[in-house]
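# Architecture at a glance
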Amino acid sequence: GALSARYSDATCIRAISKKMAEDDYMSDTFLAESTRPGLVFSRSTARKYEIERKKAVTDDEHRKTLSTKVREEERRNEGLSTELKEDNKGFALLKKMGYVAGGGLGRDGQGRTEPVPVAVKNDRRGVGTIARSRGKRVSPAIIVATTAAKRARAEIAQKDFRQRMSNKFAGVEILRDLTKSQRACYQLDQSKGVDCEQPWYWPAECRPAVNEDSEDEFEEEDHPDELKLQFVTKHLRTVHHYCVWCGTGYSDSADMLRLCPGDTAQDHE
């Protein structure tokens, strides 16, 4: 065991000596490989150097891209300024149809002699818009006036919307009260044996036959639901002493006047 240990130590010493002989720390090769003389090349330093290298590569590619755009513009201008030669396919087709170099288009050569100019569009504006100066500024007064006008239009639109919604819900409430009043009127008239004063006082499915020869008939279609509701509720209050919003019948007019808040839906809110 001791012999094998001494053999291993000797082997390690020989390997270290050979490595030190190969890596001469004073040689030019080692100095050339050193990235920062005098500094420790740690992991964070290596990451910083890698970021700088990638940024340099990106900047170089960006410069090459700009150069490519410039070269493309130069080649385009060169191609537009060069006349077509006879080896061009388009020129060969024109020549077969009788075109003469330097002459105009058409049977008698009365057409244009120069190609249609090409306008290269490099901005992102819409086609046909007038390019305005970038340095032109809008007056602050115009901005304030425009903003105030937009705000005023928005407020008017909001008020109109609220009014329309209010009228819509009011119409729904009136139609509901009218239907309820017609049902109550039919039930009370039937229970007390009262004849129907007007056909539309009762629901449509319960109305009696209409006398077409009657001249003093109230035309239902010509009057709004609000007016019809007033007529039906008045009949209920005067004939039956009944309030559709209270849902209660009273003994007489004096009792109704004393206990009922009023003859409209707003009075019962």
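Structure: see above.
First, a word on scope: everything that follows refers to the structure included in this document. Bear in mind that the values here come from a model prediction, so they are computed numbers and not experimental data. (Residues numbered from 1 in each chain as written. Predicted model: local features only at pLDDT ≥ 70, side-chain atom pairs only at ≥ 80, totals over all residues. Heavy atoms only, no water.)

This structure, assessed with the given rule, holds 4 salt bridges. Its salt-bridge partner being Arg-53, residue Glu-50 comes within 2.4 Å of it at the nearest N-O pair. In this pair, Glu-50 and Arg-53 both sit in helix H3 (residues 43–81), 3 residues apart, roughly one turn of the helix. Since its relative accessible area comes to 46%, Arg-53 is described here as partly exposed. One salt bridge in this structure joins Asp-255 and Arg-258, with 3.1 Å as the shortest N-O distance. Placement of both Asp-255 and Arg-258 in helix H7 (residues 253–259) is noted, with a separation of 3 residues, approximately one turn of the helix. Look at Asp-255 and you get buried, because its relative accessible area is 15%. Accessibility expressed as a relative area gives 63% for Arg-258, which makes it exposed. (Salt bridge = Lys/Arg side-chain N within 4 Å of Asp/Glu carboxyl O. Helix = DSSP H or I, 4+ residues; strand = E, 2+ residues; numbered from the N terminus. Buried < 20%, exposed > 50% of the residue type's maximum accessible area, 1.4 Å probe, protein only.)

Our focus in this paragraph is unusual backbone geometry. Backbone geometry places His-241, a non-glycine residue, at a positive phi of 50 degrees. Along the chain, the position of His-241 falls in the loop between helix H6 (225–239) and strand E1 (242–243).

As for its position among the elements, His-240 is in the loop between H6 and E1. Along the backbone, His-240 and Leu-188 are 52 residues apart, and their C-alpha atoms lie at a distance of 7.2 Å.

Turning our eyes to something else, we now look at H6. With 15 residues, H6 should reach 21 Å at 1.5 Å per residue; the first-to-last C-alpha distance of 21 Å fits that figure. Of all the positions in H6, only Lys-228, Leu-229, Val-232, Thr-233, His-235, Leu-236 and Arg-237 are classed as buried. Buried residues along H6 sit in contact with helix H5 (140–192), E1 and H7. Once H6 ends, the next one or two residues include His-241, with phi positive near 50 degrees. (Expected span 1.5 Å × (residues − 1). Contact = heavy atoms within 4.5 Å.)

Burial of nonpolar side chains together is a common tendency in soluble globular proteins. Counting residues in hydrophobic clusters, the biggest one holds 11 residues: Leu-178, Ala-184, Cys-185, Trp-200, Tyr-201, Trp-202, Leu-229, Val-232, Leu-236, Tyr-242 and Val-244. At the level of secondary structure, the elements contributing two or more residues to this core comprise H5 and H6. In contact with Val-232, not counting residues within four places along its chain, are Leu-178, Ser-181, Gln-182, Cys-185, Trp-200 and Tyr-201. (Core = buried A, V, L, I, M, F, W, Y, C linked by side-chain atoms within 4.5 Å.)

Turning to the packing of aromatic side chains, a few remarks are in order. For the structure on display, the rule yields 2 aromatic pairs. Here the aromatic rings of Phe-91 and Tyr-99 are separated by 6.1 Å at their centres, their planes lie at 90 degrees, and the arrangement is edge-to-face. For the pair Phe-91 and Tyr-99, a shared accessibility class is recorded, and that class is buried. (Phe/Tyr/Trp six-rings, centres within 6.5 Å; stacked < 30°, edge-to-face > 60°.)

Estimates place the volume of the largest pocket at around 610 Å³. As for the largest pocket, its lining consists of 20 residues, and the residues nearest its centre are Leu-84, Tyr-99, Thr-113, Glu-114 and Pro-115. Secondary structure elements with two or more residues in the lining of the largest pocket: H3 and helix H4 (89–96). At 3 residues, H3 tops the list of elements feeding residues into the lining of the largest pocket. The class makeup of the residues in the lining of the largest pocket is 11 nonpolar, 6 polar and 3 charged. What lines the second largest pocket is a set of 19 residues, and nearest its centre among them are Leu-229, Trp-245, Thr-264, Ala-265 and Gln-266. (1 Å grid on protein atoms, 1.4 Å probe; cavity = no way out; pocket = protein on both sides within 12 Å on 5 of 7 lines; lining within 4 Å. Points joined across faces, edges and corners; volume = space filled by probe spheres on them. Nonpolar A, V, L, I, M, F, W, Y, C, P; charged D, E, K, R; others polar.)

Glancing now at the packing of H5 against H6. Put simply, H5 and H6 touch, their axes get as near as 9 Å, and they point 30 degrees apart. It follows that H5 is roughly parallel to H6 by the angle criterion. Handedness of the crossing formed by H5 with H6: left-handed. Where H5 abuts H6, its residues Ile-174, Leu-175, Asp-177, Leu-178, Ser-181, Gln-182, Ala-184, Cys-185, Leu-188 and Asp-189 lie against Asp-225, Glu-226, Lys-228, Leu-229, Val-232, Thr-233, His-235 and Leu-236. Split into classes, the residues belonging to the contact of H5 with H6 amount to 9 nonpolar, 4 polar and 5 charged. (Axes fitted to C-alpha atoms, helices over the stretch in contact; angles between N-to-C directions. Parallel < 35°, antiparallel > 145°, perpendicular 65-115°, else oblique. Left-handed = near helix turned anticlockwise from the far one by under 90°.)

These results come straight from atomic positions and should not be treated as a statement about function.
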